Structures are given as structure tokens and as C-alpha cells.
There are 2 protein chains.
Amino acid sequence: MRINRYLAGMNKAYLFAEIANKVADYVKEQPPREIIRLGIGDVTRPLTPHVAQAFADSALKMGTPEGFHGYPPYEGYDFLLDAIIKNEYAPLGVTLGRDEIFVSDGAKSDTGNIQELLSADAKIAVTDPVYPVYVDSNAMVGRLGGKTEGGYERLTTLPCTAENGFMPALPENAPDAVYLCSPNNPTGTAFTYAQLKTIVDWAKAHGTLIIYDSAYKAYITEKDVPHSIFEIEGARDCAVECCSFSKNAGFTGVRCAYTVIPRELSAELDGRLVRLNDLWRRRSESRSNGVSFPVQCAAAASLDEIGRRETQGLVNGYLANARVIREGLTKAGIACYGGVNSPYVWLKTPGKLSSWEFFDALLRRAQVVGTPGAGFGAAGEGYFRLTAFNSPEKTAEAVERIVKAF
Amino acid sequence: MRINRYLAGMNKAYLFAEIANKVADYVKEQPPREIIRLGIGDVTRPLTPHVAQAFADSALKMGTPEGFHGYPPYEGYDFLLDAIIKNEYAPLGVTLGRDEIFVSDGAKSDTGNIQELLSADAKIAVTDPVYPVYVDSNAMVGRLGGKTEGGYERLTTLPCTAENGFMPALPENAPDAVYLCSPNNPTGTAFTYAQLKTIVDWAKAHGTLIIYDSAYKAYITEKDVPHSIFEIEGARDCAVECCSFSKNAGFTGVRCAYTVIPRELSAELDGRLVRLNDLWRRRSESRSNGVSFPVQCAAAASLDEIGRRETQGLVNGYLANARVIREGLTKAGIACYGGVNSPYVWLKTPGKLSSWEFFDALLRRAQVVGTPGAGFGAAGEGYFRLTAFNSPEKTAEAVERIVKAF
């Protein structure tokens, strides 16, 4: 059989799997104290009472003749679509139809699968550093061509560093699609209305598709940062938006997300206009059977009045951790970015250590796990990501340990 | 932006979505009596008490600090992998390692995604009739080339009809991969040990990958029908097996499945051997975050002693329906296949009606919904699929109505 040489040529492990392996090796050496994990972006607090109850109640219902639900609708139950429209978009002044929202098992799945809408030779751009899924999903189907030193033949990377204020320069030679994440994973920085308007205008002028990942929108605290790209005029003609319940409602272990594809968004093919909403619907119906009733009930519960109050508590707790990290490290002379509209703090590695050297040093000197910036792309070299998803106590202790060790 | 012309060129709706639309249109005409649905293969009985309780209990646990689970392991929790090994394979004399099993949200996802292991120019074969996902997933990434009348330029179809006893002729000019489903969707027939041995020997001799869908294995009642392809000598070198909790434990609305990829299974690429298990692991880790803890608890509960007894009751109930359909229609002079090792009965359309003509006639004369054989491929023309997943009462009534109407 002829196999996929692009998939076979990937670096062996997905970034976070590689880090898990490195930490497991270190644990075998019996470290002097407990390891504190500020690495993978996994939440640690339980589902809120209201959400857990809705999840459990609807799971029990599945055991009754009246309450049983078989195959879910491909694109999501109306009750969840309506809750998203009413609670996530209407307050922003954004009007959406049910048929513009597609519920799925994760923003990772959606941002990984969305490339199937594009032609095999479509030109892709990503910011650098970048969430690895955008690159890996395109690389493994061969769209990026062969590997080069630190990249791919056919991938455009747009560096985002402290020097340019984490706002990418927009190339005149525009790609077919660009992946953007705001608030950003890994840098924790977020686009302002003005910055995002500049990007939308550029995308519209060049016929570029924006794949906008707003999985962290619940963490936005500043007024000049949009919660949705659809708050920007013209975005319905050039953007899709991927959202998730993972980081606001603590759903990393529940698996629910959604992607918005406006009806207007279309592309010319052989002289006719094709709507991306139709393409994605066709793909979804053939490739998945949707998300279970209990999971969608839990997601909807996180959006009602009680649910929103409770999950805001979760988010505020993680944001408080982010502040502790940012302020503690800044005071110790380490340059920090993000952490204001995001659960991620992006720091300059001290002592000119490379990001993987700092990873090792941090693990061995402080028994703290983080994520090396270079794992997110070449422009992440010299940076390091810490997450705010641990407990307040462990977060404070981790900061103390880091400050002492560096 | 340049979009995917293969996806854009698909027929507009996925088969079962198209049928749902047709039925919805008919309902608007106010049919004379309730419509009985024997169309889509969706179960109708609730989760068993033991399984629903495990699901609900673990959902509630997600709301407690001790019981919360974040991102699941990419390939499944050990407790579920072990339950699969012990209950699904050990009794067959098949030994598997945890690292050979990959838990997912559905056999539809797995059979749709598995093509990513293959090169863009790999030659694909499917039986005809066929579960549309195998074809659609390859077609929409462009592997099958352009459409032809009733097929694709680069797709090999292996007709399975009453004439050849539903055993495909195996081509000398072998494909890179062949999709097989046994017990079969849609024909309801199943390969015997001897037939499957012939296929495995052929695949090994030609370096062909067998993608073996055994989602319906729980329905096997005859002794000479294998429950797993790994009961056949040599299969570990040429086959992957996709299984599901949907049809045995009633999980269509819960979403849990698994795929087995043996360690031995490998292919040569540029002079080195590449293990498909490694490729699938790499893909899974980059493209999904696995299946939730509560869903995996529910799946494991369906495999323990109480769970197996209860879910066997579900299966037996559906098998009894299949017998009612088969015997009732046979007695009325309609030729029927399947339904012995399967919840599907595959019938010859009476009066030489085409399968879509019979669909319309059945809907309008008997108010019964089924699935036209032609929807599953050219060789399905003149056949029709009925499912045993409705209640005993409605199933019996549907048979009565059909016998009266034709």
C-alpha cells in the first residue's frame, strides 16, 4: 500500500505529547518536590454545579424511553444553537442564524478540519508563534510541501514578537487563508478593534479567508478588544470563527465547541460562487455524527443565567492566577506579555537561555512545567508560555520557585 | 481563496440527510397515518439502566474536585482499553495491547479519517453497495478524481449482489486499500471464516490494506461468522478494524467507538518500514482531544458483566425485529437477505421498481421510510434496506402495511 509521506514525515510527537514524555522521564528520577504543571492549557477546576447537574440529569434521561436521544442533529440541537445566538453573539450586536453555527467536539477538531474547504494547492499563512494544530493539519495532508529548516516550503509565517507588538505584518502577496487566534495562544496578547479592522480590510481586499480562533474570548477584560471577529464590519465576507466551551466553562474533558460560518462567505470556482457554509455542512454530515445530547445540555447550561454567573467565577479565578504570574515575574525582572485578556503569560526567557534550555532548567531547578516558545514556531524562540490553569496556591508557589531559581 | 473543488463537486446532501429532507416534505402534505421509520440505522431503545447510571454518575463526578477529569488521554482511558481487550477480544482468542486500540467519537469519524494514512494517489476499492462514508471521505479530498456516471474515475467498486452471494470478486490488479464491512451495511450479510480468510490471503499477497468495519459484530448469531478480522491468521499484517458502541449498546446518541491498528501493520516508504499504528497515533494527537471521561465510563459499563447482559437484551430485541421483517416479507413473496447476523434486511424491490421509486411508493402507500439501495451504489439498484431498530410494535405494523401495499 502507498502511504501518506507527509504524515509519515511529521516530527514524531505532537508538541504536548512530547512535553508529557519529557516530564514523565524526569519524574522517574524522583524530583525533590512535587512538580507544578503550568504547561498544557488544561483546566483544573471542576464543572460548575449547575453544569454538572445538567450533564448528569440528561445522561440519566438517556436511560428512559421518553428522554432517550439517538443520533444528534449533524450541526447541533436548536436549544444550543439558540443559546449561543442569544448569549454569545446578541450582546455584541452580532446577529447569527441557526444555520450559520456548527456544533462539534472541539475547536481542535474544527481548526484542524477546516483546511479541507481549501484546494490542495491553497497558500496558507499562520502567525509565528502558533498553536501547532493549524500547521500540523495542513502539513499532514501535504498542502505545505516538504520540510525546511524550522518550517515548510509552502507555509507563510507572520512573526509576532515584542518588537512588532504581536501584530503581524500583512503580506502584499496574500495567502488563500490565514489562521489567527485572539486572545492568542501562546502569546496571551489580543487584537484591538483597530488592529482587527486592518486585518479584515486586508483579507477582503485580497480574497483571503480568515480562520479566526477565539477559544479564549471569555478571558477578555479590556474594552478595546473584540470578543468576535463578526463585530468588525466586513468580516462576514471573509472569516469563519472557531469557539469552544473548553476554556470558559471548563469543558476540556467534556468536549464541545462550535464554528460560525456566515452565509455570505463564498469563493469563486469555475465561474460560479460557492458558499463555504454549504461546503462545511456537506463535510460535517459525511464525516461526523455530531455531539451527544447530554454534552449539548451541559453546554447550554453553561450559557444560561446561573451558568454564566458560575463560569464567570471560573474565568475570574484563572485570570487572578494570570495576574499573580505576570506581576510576580515582572517584579523579578522577567519581561512578560499577555495574561490580561488571556490565561496565558508569555515571557522572555531569562539569561538568554533558549526556550528548550529554559524548559529543562525550569523543570530541574524549580520543578515547574511550562511550554517552550520554540515549540510554537521559530519566532517563539527565546520565549516561554505559562498557563494560569492551576490552583491559586500552586500558581503562587510556582512563581515563588521561579523567582528564586532565576 | 482557492477552495476544494472535490468537496464543492459532491452531490449536495449526504444520503441520510437527503432522505430526511424528502420525508419532511411528505409530512407537510399531512399523510393519512403516522410514518414508521425503518430508514436510518439509529437505535430507538434507551441506554440500559446500568450504562445510564454510570454515565450520569461520572458526569456528576466532573463537578467535584476529586472527580474532575480534564483532557482525556488522546487514545482512551486505560480502564476502557482494558475492558475492550478483556471482553471484546480475549473471548475470541485475540490478544491485543493497549497501544493497539484508539478510542474515538464514532466509527463514522474513524472510517472517514483513516484515508489520511494513505497517499494522495492511493487506489481505493469498496464493495458495492457500500456505506457512503467510505467513498465520500475519499472523494472529498480528491483521491478518487472526477465523477463518472454513478462513480468516480479512480474508484474500484466490487459488486456484491444476490448473484455472487454478496462475496466480492477480488481483483488481480489490487488496490492500495479496500473497505469491507461485515456484518454488512447495507446488505445485512456477513463473511464466513472461509470467505474472510480468502480475502486476508489476497490482501497480504498484494500488500493491500483492509479497512474492516465491524460496527455490527454484536448481531452475529451464526457460528461460522467471525466477530473480528483478527480471528483470521495473517490479518495483523494487513488490516485495521473499526468498532463502535453505537449499535450494540445503543450509543448512537452517546458517541463512542474504537479502532484497532496492530503493531505489525506497516508499509514501505522510501526504503524504510513505517508502522500505521505510529501514523494514526500522530494524526489522532494532532487532530482530536479524545473522548470525555463520562462517555468512556458509560462505554466501559456496557462491557462489564451487568452491562453485557443488559445490552445483549437490546441486541436480541432488534434481532427479533429483523426476523419479523425477514419472515413477513419472505412469506409475501419478497426476496430478502441479511437480518440473521445483522439489524438490516436487504430486499429485492417488488414489481421491478427502481429503488428510489420503491422509496416513494413505500412512503406514499405504506407511510414507511426505508433506504433505497441505489443510495449505497450502482449495484444496490433494485434493492432496498429496512432496519430493525424500531419498536417491535411498529416493526410488525410496518411489515403488515408493506405486505398489504405491494
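Residues numbered from 1 in each chain as written. Chains lettered and ligands numbered in written order. Predicted model: local features only at pLDDT ≥ 70, side-chain atom pairs only at ≥ 80, totals over all residues.

Caption draft 1: Structural detail: the overall build of chain A. For chain A, the count of helices and strands is 12 helices and 17 strands. Against the compact-globule benchmark of 22 Å for 406 residues, chain A has a radius of gyration of 21 Å, which places it among compact chains. Buried residues in chain A amount to 58% of all 406 residues. Excluding contacts between residues fewer than 6 apart, the proportion of contacts in chain A whose partners are at least 24 apart in sequence is 73%. (Helix = DSSP H or I, 4+ residues; strand = E, 2+ residues; numbered from the N terminus. Rg over C-alpha atoms; globule rule 2.2 N^0.38 Å. Buried ≥ 20, exposed ≤ 12 C-beta atoms within 10 Å, placed from the backbone. Contact = placed C-beta atoms within 7 Å.)

Caption draft 2: View of the relation of the copies chain A and chain B. Superposing chain A onto chain B takes a rotation of 180° combined with a translation of 0.0 Å along the rotation axis, leaving an RMSD of 0.0 Å. Such a combination of rotation and displacement between the chain copies is what one expects of a two-fold axis. Ranked by how close their C-alpha atoms come to the rotation axis, the residues of chain A are headed by Ala56 of chain A, at 2.1 Å. A high fraction, 100%, of the interface residues of chain A reappear at the interface in chain B, so the copies pair face to face through one surface. (Least-squares fit on C-alpha atoms with pLDDT ≥ 70 in both.)

Caption draft 3: Seen up close, the interface of chain A and chain B. Contacts between chain A and chain B engage 71 residues on the former and 71 residues on the latter. Elements with a minimum of two residues in the side of chain A that touches chain B: α1 (5-8), α3 (49-61), α5 (107-113), α6 (132-139), β11 (266-269), α8 (276-287) and α9 (293-301) of chain A. Per-class residue counts for the side of chain A that touches chain B are 37 nonpolar, 20 polar and 14 charged. (Nonpolar A, V, L, I, M, F, W, Y, C, P; charged D, E, K, R; others polar.)

Caption draft 4: Just the environment of Pro226 of chain B, in detail. Residue and element names in this part refer to chain B. For Pro226, the location among the structural elements is in the loop between β8 (209-213) and β9 (239-244). With 23 C-beta atoms packed within 10 Å, Pro226 lands in the buried category. In contact with Pro226, not counting residues within four places along its chain, are Tyr193, Leu196, Glu231 and Ile232.

Caption draft 5: Inspection of the sheet that holds strand β13 (residues 336-338) of chain A at higher detail. All names here are of chain A. Across the sheet, four strands lie side by side as β13-β14-β17-β16; this open sheet has antiparallel pairing. The strands lining the two open edges of the sheet, one partner per strand, are β13 and β16 (371-372). By the bridge criterion, two bridges tie β16 to strand β17 (residues 383-387) in an arrangement that is antiparallel. Within β17, the position partnered with Pro372 by the bridge is Phe384. Running over the sheet, helix α10 (residues 305-331) touches β13, β14 (344-348) and β17 and is turned about 15° from β14. (Pairing = 2+ DSSP bridges. Axes fitted to C-alpha atoms, helices over the stretch in contact; angles between N-to-C directions.)

Caption draft 6: Structural detail: the sheet that holds strand β10 (residues 257-260) of chain B. All names here are of chain B. Pairing within the open sheet is mixed, and its seven strands lie in the order β2-β10-β9-β8-β7-β3-β6. On the outer flanks of this sheet lie β2 (101-104) and β6 (155-159), each paired with one strand and no other. Looking at each pair of strands side by side, their axes are set apart by 20° on average, direction ignored. Both β9 and β10 contribute to a ladder of four bridges, which runs antiparallel. Within β10, the position partnered with Ser244 by the bridge is Ala257.

Caption draft 7: Geometry of the domain arrangement of chain A. Residues and elements named next belong to chain A. Examined at the domain level, chain A breaks down into domain 1 (5-46 + 308-405) and domain 2 (53-305). For domain 1 versus domain 2, the separation of C-alpha centres amounts to 25 Å. Tallying the contact residues gives 34 residues for domain 1 and 42 residues for domain 2. Looking at the side of domain 1 that touches domain 2 element by element, the count peaks at six residues for α10. Here the side of domain 1 that touches domain 2 is composed, by residue class, of 18 nonpolar, 11 polar and five charged. (Domains from an automatic or database assignment.)

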